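Observations on the model geometry
Below are the chains, spelled out letter by letter.
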Amino acid sequence: MTWPFRVGFGEDAHRLEAGRRLVLGGVEIGHAELGAVAHSDGDAVLHVVADALLSGLALGDIGAYFPDTAEQWRGMESRVIVERALALVQERGWVPVNVAVVVTLDRPKLGPLRAEIARSVAALLSLPEGDVGVSFKTSEGLAPLHVQTRATVLLARVDAAPGVGGE
Ligand code: C5P
Ligand code: MG
């Protein structure tokens, strides 16, 4: 028997520098003094969500689909990466059930943006806001020029969804 569930996991990090944008989960962090050094918009939350989706079905990682050397992806919005990863999962008959994201960043405090980030990620995945958990941690000063992100996602086979298949 093959279980109708899979867990995916993703991890990402970006260097922080003055004069760059900081975008997390599709939300612009306007009060950040430092932003992400990246080929795309550097959205380290959307990158891990996409990697978690892909890893759940062993579909590789986002670098396989969006090489960071390719000129065409320069400065692109990371929502495109999540949309592509979600499409790859859905084409195979799977959907995300819930997502948990951890952001490790010393400054600024992100707590006040938790709901906005959760809503933004949830909307991209067509999930209710309550199915996207977002946690924030500092590095306790060990990595002040660094944003680190991690995410897990539970995937379910569509034909195992409640109400499908004659339950
Ligand atoms: O890393 P530490 O456990 O000291 O973080 C304490 C709390 O600060 C976290 O639980 C989180 O709610 C909040 N935090 C935040 N924004 C950050 C880092 C931490 O709101 N960038
Ligand atoms: Mg990244």
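The structure this text deals with has already been given above.
Cut-offs used in this document
Residues numbered from 1 in each chain as written. Chains lettered and ligands numbered in written order. Predicted model: local features only at pLDDT ≥ 70, side-chain atom pairs only at ≥ 80, totals over all residues. Heavy atoms only, no water. Helix = DSSP H or I, 4+ residues; strand = E, 2+ residues; numbered from the N terminus. Expected span 1.5 Å × (residues − 1). Buried < 20%, exposed > 50% of the residue type's maximum accessible area, 1.4 Å probe, protein only. Arc of directions from axis to C-beta. Pairing = 2+ DSSP bridges. Right-handed = clockwise from strand over helix to strand, strands pointing away.

As a further point, take helix α3 (residues 79-91). With 13 residues, α3 should reach 18 Å at 1.5 Å per residue; the first-to-last C-alpha distance of 18 Å fits that figure. If you check which residues of α3 are buried, you get I81, V82, A85, L86, L88 and V89. Angular distribution of buried residues about the axis of α3 spans 160°; they occupy a single face of the element. With its phi angle positive at about 90°, G93 sits one or two positions after the end of α3.

Residue alternation in strand β6 (residues 132-137) divides its side chains into a buried set, V132, V134 and F136, and an unburied set, G133, S135 and K137. As paired elements, strand β5 (residues 94-104) and β6 share six bridges and run parallel to each other. What sits directly across from V101, in β6, is V134. Following the backbone out of β5, through helix α4 (residues 114-125) and into the adjacent parallel β6, one traces a crossover that is right-handed.

Purely spatial values, then, with no claim about function.
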